[in-house]
Every structure is written in structure tokens, then in C-alpha cells.
Amino acid sequence: MTRSIQDLKANALTSIHDMFRQDQALRQELAEATKRRDEIKQQMWLLDDKNTTSLKGLIRELGWAPLLARGGSELWHLVQHADQDVDFQQTALRAFTDNQPCSITMWQCAFLEDRISMSLQRPQKYGSQLTKSKQTSRWEPYVLENPDRVDHFRALVGLDSLDEYVLQMNSK
């Protein structure tokens, strides 16, 4: 039995309505996610600011030595995320490098040095800071100070080659 033209038109209109409803629902979800993303970024910035202030208070109270002795990766992450206070990051980097060996590794110092360079809009030495390409949406290194020697500098602090790092970050 063949369906009538009226049935086909009705089914087509129903299909179009369903497709439109799904289309709009997904776009609404994206708009809400984008708004939520902006809210979360604002919360992160406020937390980073609060953590930086607290960390500076601990340093004033105790000095760097006890924190460097055991703070390790957690301390480094907090300093790494203190982007709103580059002077503090620079002070921390000097404390990290002047007190080697300590719980902060040289590769962590390299990451922080590059992050400071990026914040100051200067080329980075180790290629640890990546940005998303607007054309490809893939991670690529922020501007390099010396592209021909970047892998040499990375090896000195125990990092893989820049190509391996970028490939790894783009596979996530």
C-alpha cells in the first residue's frame, strides 16, 4: 500500500520539526555550557587570587625553606596558576632555582619560566606553554625564543622533545 501525498507531507513536517527541536536543544546546551565555562573560569581566577594571597602569607610567616623542602608539586601548581601576580611568580622561580635541590624539579622551573615569559608577552625558552591554533584547533607552542635549540634546552631539564610534547597534548 502506498502512502498518500498528505501522509508524506505530514511525516516530512514532523521530521523537520524533530530535527529543528534537536538542533535548537543542542545549540541551547552549547550556549549554557559556554556561559557555565565563563563562570567556572571566573571562579578559577578568584580561587587563584585567593590561593596566591594565602601562599604569600605563608611565605611571609615561614619563609621559602620549609615549603620548598616538602611542598613539591602542589606548591609549584599554585605558583604556576598565580598568573595575576607575575612578580610573585618571578620571586618564586628565583626561590625554586636558588634552592636546588628541593622538592621543585628543574622541569617545573622550566614550565614556570615559560609561563612567566608568556604572561609578559616574551618568547619562551622551553616550549612548555601551548596555545590553540584558531585555524586547526590543535595545540601549538607559544612563540619560541630559539626554535633551533628548544629540544636541547628541554633535554637539559629532563623534558621530551617539543614534537613529542605537542603530539601528546593533541592526543588528549
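Criteria and cut-off values
- In this numbering scheme, every chain counts its residues from 1 along its sequence in written order.
- The predicted origin of the model limits local features to residues at a pLDDT of at least 70 and limits the giving and counting of side-chain atom pairs to 80 or more, whereas totals for whole chains, interfaces and linings rest on all residues.
- The basis for the side-chain values is all heavy atoms of the structure; hydrogens and waters are excluded.
- A helix here means a DSSP run of H or I that spans at least four residues, while a strand means a run of E at least two residues long, and both kinds are numbered starting from the N terminus.
- For the radius of gyration, the atoms used are the C-alpha atoms, and the globule rule reads 2.2 Å times the number of residues raised to 0.38.
- Each residue is placed in one exposure class: buried if its accessible area under a 1.4 Å probe, protein chains only, is under 20% of its type's maximum, exposed if it is over 50%, and partly exposed if it falls in between.
- The contact definition used throughout considers only heavy atoms, calling two residues in contact when any of these lie within 4.5 Å.
- Only the protein chains shown count as cover for residues, and the accessible areas themselves come from Shrake-Rupley with a 1.4 Å probe.
- Working definition: a disulfide is two cysteine sulfur atoms within 2.5 Å of each other.
- The span you would expect from a helix comes to 1.5 Å times its residue count less one.
- Pairing of aromatic rings covers Phe, Tyr and Trp, the last counted by its six-membered ring, and requires centre-to-centre distances within 6.5 Å; plane angles under 30 degrees mean stacked, over 60 mean edge-to-face, and any other angle means tilted.

1. Let's talk about the overall build of the protein chain
Now for step 1: Along the backbone of the protein chain there are seven helices and two strands.
Now for step 2: Put simply, the protein chain runs from its N terminus to its C terminus through helices and strands in the order α-α-α-α-α-β-β-α-α.
Now for step 3: Relative to the 2.2 N^0.38 estimate, which gives 16 Å for 172 residues, the radius of gyration of the protein chain is 25 Å and therefore markedly larger than a compact globule would have.
Now for step 4: The C-alpha extent of the protein chain, read off along each of the three principal axes, is 85 × 40 × 25 Å.
Now for step 5: Relative to its 172 residues, the protein chain shows a buried fraction of 28%.
Now for step 6: Relative to all contacts within the protein chain whose residues are 6 or more apart in sequence, the contacts with residues 24 or more apart total 49%.
Now for step 7: Counting only carbon and sulfur atoms, one obtains 54% of the accessible surface of the protein chain, whose full area is about 12,000 Å².

2. Things to note about the state of the cysteines
Now for step 1: For the coordinates displayed, the defined rule picks out zero disulfides.
Now for step 2: The cysteine cysteine 102 is free of any disulfide, with cysteine 109 supplying the nearest cysteine sulfur at 6.5 Å.
Now for step 3: For cysteine 109, a relative accessible area of 2% gives the class buried.

3. Some details on helix H1 (residues 5–62)
Now for step 1: The end-to-end C-alpha distance of H1 is 83 Å, a good match for the 86 Å that 58 residues give at a rise of 1.5 Å each.
Now for step 2: Of all the residues in H1, the buried ones are Asp48, Thr52, Leu55 and Ile59.
Now for step 3: The inward-facing, buried residues of H1 abut helix H2 (64–70), helix H3 (72–80) and helix H4 (86–98).
Now for step 4: Positioned one or two residues after H1, glycine 63 has a phi angle of 85°, which is positive.

4. Observations concerning the packing of aromatic side chains
Now for step 1: A complete count under the given rule lists six aromatic pairs for this structure.
Now for step 2: Look at tryptophan 76 and tryptophan 107: their rings are 5.4 Å apart centre to centre, the planes differ by 70°, and that puts the pair in the edge-to-face class. Here tryptophan 107 lies in helix H5 (residues 106–119) and tryptophan 76 lies in helix H3, a separation of 31 residues in the sequence.
Now for step 3: Where phenylalanine 111 meets tyrosine 165, the ring centres are 6.0 Å apart and the plane angle is 80°; that geometry is what we call edge-to-face. With a gap of 54 residues between them, phenylalanine 111 in helix H5 and tyrosine 165 in helix H7 (residues 162–170) connect regions that are remote in the sequence. For the residue pair phenylalanine 111 and tyrosine 165, the accessibility class agrees, reading buried in each case.
Now for step 4: An aromatic cluster is present here, built from Trp76, Trp107, Phe111 and Tyr165 joined pairwise through their rings.

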